[in-house]
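Below are the chains, spelled out letter by letter.
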Amino acid sequence: MTDHHHSPKDVIGWTEYIDFPDWDIAGMKAKVDTGARTSALHVEDLKQLPGNRVRFHVILSRKDQDKRVTVTAPILKWANVRSSTGVFRRRCFVKTRVRIGHIEKEIEVSLVSRERMMFRMLLGRTAIERDFLVDVSKRSMISERPRRRKQPVVPPTEKETEA
């Protein structure tokens, strides 16, 4: 059954740069995986805390492992998830907001080690089904690669602006 009253969906590529506004993370490269029902995020040092919460590190760069953000979040649930190798593993799920292009929404994310994977983030079907269509021949249709600056931006001095 199709929903003809739904607004048109944005077309996304098989990879997009996404933001996690609640966690102060911008421009993380994500692989859109229509074969996966749930989304998965690579984290390290996952620790369960009192009050049904977890703390973990999100590694922002494959090349620079020191670029990381520490996140504390309420546990949504623990559930068995079948990995790409067919093995069931118990994973912790949290809920957070993501921004994909101009669309911001709350999604469930399983926290997992994806150390050997190219992409730190997998966007599964449930995260994209209502808002997006995927063009598998394209990348970054509605997001831009974040601009990385080597040095902090220093505003010009008064003398420089007069010149």
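We now turn to the structure provided with this report. (Residues numbered from 1 in each chain as written. Predicted model: local features only at pLDDT ≥ 70, side-chain atom pairs only at ≥ 80, totals over all residues. Heavy atoms only, no water.)

### As for the side chain of Thr15
Residue position: Thr15 is located in strand β2 (residues 15-20). Residue Thr15 is classed as buried on the basis of its relative accessible area, which comes to 0%. With residues near it in sequence (within four places) discarded, Thr15 still touches Lys29, Ala30, Phe119, Lys138, Arg139 and Ser140. (Helix = DSSP H or I, 4+ residues; strand = E, 2+ residues; numbered from the N terminus. Buried < 20%, exposed > 50% of the residue type's maximum accessible area, 1.4 Å probe, protein only. Contact = heavy atoms within 4.5 Å.)

### A look at the pattern of salt bridges
Applying the stated criterion across every chain yields a total of 10 salt bridges. A salt bridge links Arg68 to Glu44; the shortest N-O distance between them is 3.3 Å. Highlighted residues: Arg68 in strand β6 (residues 68-74) and Glu44 in strand β4 (residues 39-49), separated in sequence by 24 residues. Looking at Glu44, the relative accessible area reads 18%, which means it is buried. For Lys105, the salt bridge goes to Asp131, with nearest N and O atoms at 2.5 Å. Residue Lys105 is found in strand β9 (residues 103-112), and its partner Asp131 is found in the loop between α1 (125-128) and β11 (132-135); the two are separated by 26 residues along the sequence. Exposure remark for Lys105: the relative accessible area of 15% places this residue in the buried category. By sharing partners, the salt bridges in this structure join Asp19, Asp22, Arg97, Arg99 and Glu104 into a single network. (Salt bridge = Lys/Arg side-chain N within 4 Å of Asp/Glu carboxyl O.)

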